[in-house]
Amino acid sequence: MSFINYSSREINCKIVYYGPGLCGKTTNLQYVFKKTNPDQKGKLISLATETERTLFFDFLPLALGDIKGFKIRFHLYTVPGQVFYAASRKLILKGVDGVVFVADSQIERMEANIESLDDLRINLNDQGYDLDKLPYTVQYNKRDLPNVAPVENMNKLLNPGNVPFFEGVAVTGPGVFETLKNIAKQVLTELKKHY
Amino acid sequence: MSSSDLVMYEEEFRKIDEELQKLHQQTNAMVVFLVDKNGQLIASAGETRDIDTTSLASLTAGNIAATGGIARLLGEKEFTILFHEGEKDNIHISLIGQRVILVVIFDKRSSLGLVRLRVKKASEALVTIFNDIASKSEQEKTEGKLDESPFAEISDEDIDNLFR
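Chemist: Please clarify how the overall build of chain B should be interpreted in this entry.
Modeler: Looking only at helices and strands, chain B has four helices and six strands in total. Along chain B, helices (α) and strands (β) appear in the sequence β-α-β-β-α-β-β-β-α-α when read from the amino end. Dimensions of chain B, computed from C-alpha atoms along their principal axes, come out at roughly 50 × 40 × 30 Å. Here chain B holds 164 residues, and 37% of them are scored as buried. Pairs at least 24 apart in sequence give 52% of the contacts found in chain B among residues at least 6 apart.

Chemist: Any chance you could explain the sheet that holds strand E5 (residues 90-96) of chain B here in plain terms?
Modeler: Strand pairs in the sheet, formed through backbone hydrogen bonds, run parallel or antiparallel to each other. Residue and element names in this part refer to chain B. Read from one edge of the open sheet, five strands run E3-E2-E6-E5-E4, paired in antiparallel fashion. In this open sheet, the two edge strands, each paired with only one partner strand, are strand E3 (41-46) and strand E4 (81-85). Here the strands of the sheet are splayed against their neighbours by 15° on average, with no regard to which way each runs. Two elements, strand E2 (residues 31-36) and strand E6 (residues 100-106), share six bridges in a ladder whose sense is antiparallel. Its bridge partner lying in E6, Phe 33 is registered against Val 103. On the sheet, helix H1 (residues 10-27) packs against E2, E3 and E6 and is oriented at approximately 40° with respect to E3. Contacts from helix H2 (residues 53-73) reach E2, E3, E4, E5 and E6 within the one sheet, and its direction differs from that of E2 by about 65°.

Chemist: Looking at this model, I keep getting lost on the interface of chain B and chain A. Mind explaining?
Modeler: When the parts come together, some accessible area is lost, and that loss is often what is quoted as the size of the interface. Listed per partner, the contact involves 33 residues of chain B and 37 residues of chain A. Only strand E1 (6-8), H1, H2 and helix H4 (156-161) of chain B provide two or more residues apiece to the side of chain B that touches chain A. The class makeup of the residues in the side of chain B that touches chain A is 16 nonpolar, eleven polar and six charged. Two elements, strand E1 (residues 3-5) of chain A and E1 of chain B, share three bridges in a ladder whose sense is parallel. Note that in E1 of chain B the partner of Phe 3 of chain A across the bridge is Leu 6 of chain B.

Chemist: What should I look at first to understand the nonpolar core in this one?
Modeler: Within soluble globular proteins, side chains that are nonpolar tend to cluster in buried spots. In terms of nonpolar packing, the biggest core is built from 92 residues, with Val 16 of chain A together with Val 35 and Val 103 of chain B touching the most fellow members. In this view, Val 16 of chain A contacts Tyr 77, Val 79, Ile 92, Leu 93, Val 96 and Val 99 of chain A; residues no more than four positions away in its chain are not counted.

Chemist: I tried to follow the packing of H1 of chain B against helix H3 (residues 112-143) of chain B on my own but got confused; where do I start?
Modeler: Any two packed helices are characterised by the angle at which their axes cross and by the distance between the axes. Residues and elements named next belong to chain B. Two elements in contact, H1 and H3, have axes separated by 10 Å at closest approach and are oriented at 175°. Considered as vectors, H1 and H3 are oriented roughly antiparallel to each other. Across from Glu 12, Lys 15, Ile 16, Glu 19, Leu 23, Gln 26 and Thr 27 in H1, the residues of H3 making contact are Leu 114, Val 115, Arg 118, Ala 122, Ala 125, Leu 126, Ile 129, Asp 132 and Ile 133.

Chemist: Help me understand the environment of Gly 128 of chain A, please; the structure alone is not making it clear to me.
Modeler: Here Gly 128 of chain A is to be found in the loop between helix H3 (110-126) and strand E7 (136-141). Note: C-alpha distance between Gly 128 of chain A and Tyr 195 of chain A (67 residues apart in sequence) is 21 Å.

Criteria and cut-off values
- Residues numbered from 1 in each chain as written.
- Chains lettered and ligands numbered in written order.
- Predicted model: local features only at pLDDT ≥ 70, side-chain atom pairs only at ≥ 80, totals over all residues.
- Helix = DSSP H or I, 4+ residues; strand = E, 2+ residues; numbered from the N terminus.
- Buried ≥ 20, exposed ≤ 12 C-beta atoms within 10 Å, placed from the backbone.
- Contact = placed C-beta atoms within 7 Å.
- Pairing = 2+ DSSP bridges.
- Axes fitted to C-alpha atoms, helices over the stretch in contact; angles between N-to-C directions.
- Nonpolar A, V, L, I, M, F, W, Y, C, P; charged D, E, K, R; others polar.
- Core = buried A, V, L, I, M, F, W, Y, C linked by C-beta atoms within 7 Å.
- Parallel < 35°, antiparallel > 145°, perpendicular 65-115°, else oblique.

This is the structure in structure tokens:
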């Protein structure tokens, strides 16, 4: 649910990074945070456990710039990836405008990817959304590791709808901004259809 | 896109702002905020310069969402009031009309009783304003004419320019 404020001339949109535990959702946000101008970003908030596993969510507000005199702001959220945080994960999806699914490219994590994607569909349905109708981008993360599955295979498994996908290495940056740019563009294009 | 997109117009914003200013004064609070359930800050009154309002809005919404989750587990519809007491400052959070969250931060110059009383009054006024916003936005949507829509002439180039 985007928030269009004619009074302060602002448009706020919410993007959620979803994916299995340890796939790199928080790392994506950390990289965006690191590489963004200080005047464009707010604080990166992480509600995490002592071992740096996301407990509830990470949050990063970004100001992208102006369109027709309206300030465009994106609020980036991650969900806790671990299976047993299911209840909190569902809450973060409330009011989402666009979803990034971060998949772990390591072969042994394929099952976790599939499980997380199913979980995403179910949780979105519970909130009254349909993944096939939402702005949606996929990122195949950790491409720098030796034991990764070929992108073709991952696409077959995780991206049957053939939505835009990017190869990423969130730790060092490749693919991070490409992914963000793509989802932001989809969200704005979707808004354009409705207003 | 969800049909519940929140569109705020000048007129309603002014009314909301008035209500918040009034509440701020009457409660003798430090700051008063209004946040939507998804964590977007709508309006505020009081001294906000030293506060990271964006983060505060997002965390408050997370707080309400988590509490709502607990409520449903217990078979309650919602817990509408949260109160956190600190050494110096206190925070009173209340859910208004299932839609927005009113946050009052206060210290010993005010009291919980006063805040509760005034918040209740302000809530009623705010519910009416938000009902107006909802029906206005619904009406304009069906008639298909939003005044000076920022998206009317937006081009792919405009969107690309955001990322230069």
